[in-house]
Each structure stands twice: as C-alpha cells, then as structure tokens.
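Now for the letters of each chain:
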Amino acid sequence: MPSPASRPPASPQPVRVLLVEDDDLMRRSFTVALERYGYLMRTAADGLTGLELFRDEDFDLLILDVMLPGLDGIGLCRRVRETSLVPVLMMSARGDGLDVVAGLEAGADDYVVKPVDTFVLVARIRSLLRRATYAPAPAPGRPAAQEASPPAGELLVFGDLTIDTGGLEVRVSGSRVALTPTELKLLLEFAAHPGIVLERHTLLRDVWEYGWDGDSRVVDLCVQRLRGKLGRDRIETVRGFGYKLRR
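Residues numbered from 1 in each chain as written. Predicted model: local features only at pLDDT ≥ 70, side-chain atom pairs only at ≥ 80, totals over all residues. Heavy atoms only, no water.

Quick notes on the overall build of the protein chain
Next up, step 1: Scanning the protein chain from N- to C-terminus turns up eight helices and twelve strands.
Next up, step 2: Looking at the protein chain as a whole, 46% of its 247 residues qualify as buried.
Next up, step 3: The contacts of the protein chain with a sequence gap of at least 6 include a subset with a gap of at least 24, amounting to 58%.
Next up, step 4: When the accessible surface of the protein chain is totalled, it reaches about 12500 Å², and 53% of it is carbon and sulfur. (Helix = DSSP H or I, 4+ residues; strand = E, 2+ residues; numbered from the N terminus. Buried < 20%, exposed > 50% of the residue type's maximum accessible area, 1.4 Å probe, protein only. Contact = heavy atoms within 4.5 Å. Areas by Shrake-Rupley, 256 points an atom, 1.4 Å probe, with all protein chains shown as cover.)

Next comes the structure, spelled out in structure tokens:
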C-alpha cells in the first residue's frame, strides 16, 4: 500500500455552474461547450426554477440571462445577493441598453452580450473564478513589477475603514462588510495605490482582466456599489480620469 506521501494528489473538484437561460438551443449549446471545458453544469429555463436550484445546491458561479420568464435575470440576481456573494455573470442581448446597468446595479460582477463566442465566455468565467479564489501572495522575494496588491497579512487603515489583506476582511467602524469577489478585488486595487488616481481602463485590465477595451460601466457601477457599503466619500471621482481611494 503506498504511503500518504506517495499517493497522487486528489483531483480538484469540478467547478459547478448554474446556467439560467430560457432559449432551449442556447441553453444546450452553452452547456455542451462549457462541459467540454470541464465545468459541471446545471441549467434552468426560467428564473424561479433557477432560484430553487440555487437554494437547493451549491454553485461556484451563476450565468443568468436577463430576459427570463417569471422572474427575470435582474430580479434573480437581486434574490441571490440577499444571501450569497457567489460570482454572477449576466448575459444580455442588448449590450447598449438598460439591461447592462440594471444587472450590474443588482450585484452582477460582469456581463457578456449575446451572441457570445465560447472563448470569450470561458475567459470571463475564468476571470470571475480567479477573483472568487483571490488571495494575495507573500510580498518577500516578489519582484516589484508584480506587486499589484498590498502585502499578505497587512492591516490597512483608512479612517474608519480597515482592510485585512491576509484574511480578506473589510470593516467599517468595526463592523464587517460583505463584499463580492469583484468588489473586494477592486477595493484591494485602490488600497494598493492610496491617493493615486486609477483610470478606468487600468481597473478594467487589473481587476476585470480585460485584454481589450471593455465597457467602463462595469467599473462605474462597481464603484457605486462599493460606496454604498463603505461610505459615499471613501472613493473619490476625479472627473475625466478615474477614481482614487482617500487616505
């Protein structure tokens, strides 16, 4: 019998994804495509069924279509955010409409516009999952050019705001604040550059990992959500440039 040290490492658990999409062809196509990448898929054709599945099972990521019968994707996202910080990716057939803004305001982390290429969808999923499992690497021995976040284990204080970069906990006036993975990653990016203006395209690159010009609305809406949780004056808008965290 092999010793514990000689046993192969346990296989990582498959990523569980809930896809809520009312179009049968798209639902099947997305399911087949994502299963080829190793994702464990569960699907629903309407918002209420999706909500039941979400409440009954554990998922690592949700993909929600905006236009759903019964409970639409925006309402479903709001219901999810009442109890969970699980990453949420919205799908919209109208990328320039109010759907995008409404989805991000409801708590979604990112969005894609249909029809969406499988490679783009997988890239967005991987980015969201990296944020969900984000943990700062130890600073010692790390090249300065890679220093994109505060050192692990450091307690950062900005007035009544404290950020534990090791435990990934955020508190305002001593009370813990629940942040989604994207909100936390964005706050850590600001905390790594206090008092320095960060442009929207820089945040899109470093937080959302867009390798191309993305929609700056995701930044603006996430900043808006952060302000609602941390205080309106904590993150300052510098018109024409971007945002900065006040020291």
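From this point, the discussion proceeds with the structure in view.
Let's talk about the sheet that holds strand S7 (residues 161–164)
Next up, step 1: Strand order across the open sheet formed by four strands is S6-S7-S8-S9, with antiparallel pairing between neighbours. The two strands at the open ends of the sheet, each matched to only one other strand, are strand S6 (155–158) and strand S9 (175–177). Taking each pair of neighbouring strands and ignoring which way they run, the sheet shows an average axis angle of 25 degrees.
Next up, step 2: Alignment of S6 against S7, held across four bridges, turns out to be antiparallel. Across the sheet, residue Leu156 finds its bridge partner in S7, namely Ile163. (Pairing = 2+ DSSP bridges. Axes fitted to C-alpha atoms, helices over the stretch in contact; angles between N-to-C directions.)

Some thoughts on the pairing of strand S8 (residues 169–172)
Next up, step 1: Alternating residues of S8 divide into Val170 and Val172, all buried, and Glu169 and Arg171, none buried.
Next up, step 2: Inspection of the sheet shows S7 paired to S8 by four bridges, in the antiparallel sense. Of the residues in S8, the one forming a bridge with Asp164 is Glu169.
Next up, step 3: Hairpin connection between S7 and S8: a loop of four residues separates the two successive antiparallel strands, and Leu168 in this loop has a positive phi of roughly 55 degrees.
Next up, step 4: Two strands pair when backbone bridges link them, and S8 and S9 are joined in this way by three bridges, in the antiparallel orientation. Looking across to S9, one finds that Val172 is bridged to Ser175.
Next up, step 5: Between S8 and S9, which pair antiparallel one after the other, the connecting turn spans two residues, and Ser173 there sits at a positive phi close to 55 degrees.

Re the pattern of salt bridges
Next up, step 1: Inspection of the entire model under this criterion finds 17 salt bridges.
Next up, step 2: Notably, a salt bridge pairs Glu183 with Arg225, separated by 2.7 Å at the nearest N-O pair. Note that Glu183 is positioned in helix H6 (residues 181–191) and Arg225 in helix H8 (residues 217–230), a separation of 42 residues in sequence. Across the pair, exposure class does not vary: Glu183 and Arg225 are buried alike.
Next up, step 3: The partner of Arg246 in a salt bridge is Glu236, and the shortest N-O contact between them spans 3.2 Å. In this pair, Arg246 is assigned in the segment after strand S12 (242–245) and Glu236 in strand S11 (residues 235–238), connecting sequence segments ten residues apart. (Salt bridge = Lys/Arg side-chain N within 4 Å of Asp/Glu carboxyl O.)

A closer look at the environment of Glu82
Next up, step 1: Looking at where Glu82 falls in the secondary structure, it is placed in the loop between helix H3 (73–81) and strand S4 (88–92).
Next up, step 2: By relative accessible area, which is 59% here, Glu82 ends up exposed.
Next up, step 3: Taking the C-alpha atoms as reference, Glu82 lies 9.8 Å from Gly107; in sequence the two are 25 residues apart.

Side note on unusual backbone geometry
Next up, step 1: Following Lys114, the chain continues to Pro115 via a peptide bond in cis, the omega torsion being -5 degrees.
Next up, step 2: Within the secondary structure, Pro115 sits in the loop between strand S5 (110–113) and helix H5 (118–132).
Next up, step 3: The phi dihedral of Leu168 falls on the positive side, at around 55 degrees, and the residue is not glycine.
Next up, step 4: Mapping Leu168 onto the fold places it in the loop between S7 and S8.
Next up, step 5: Owing to a relative accessible area of 23%, Leu168 belongs among the partly exposed residues under this scheme.
Next up, step 6: With a phi angle near 55 degrees, Ser173 is a residue other than glycine that sits in the positive phi range.
Next up, step 7: Tracing the backbone through its elements, the reader meets Ser173 in the loop between S8 and S9.

A look at the sheet that holds S12
Next up, step 1: Spatially, three strands are ordered S10-S12-S11 in an open sheet, and the strand pairing comes out antiparallel. Across the chains shown, the open sheet's two edge strands, defined by having one partner strand only, are strand S10 (198–199) and S11.
Next up, step 2: Pairing of S10 with S12 involves two bridges; the strand directions are antiparallel. Looking at S12, one finds that Leu198 is bridged to Tyr243.
Next up, step 3: Against the sheet, H6 makes contact with S10, S11 and S12, and its axis sits at roughly 75 degrees relative to S12, the strand it touches most.
Next up, step 4: Most of the contacts of H8 go to S11, to which it runs at about 145 degrees, and overall it touches S11 and S12.

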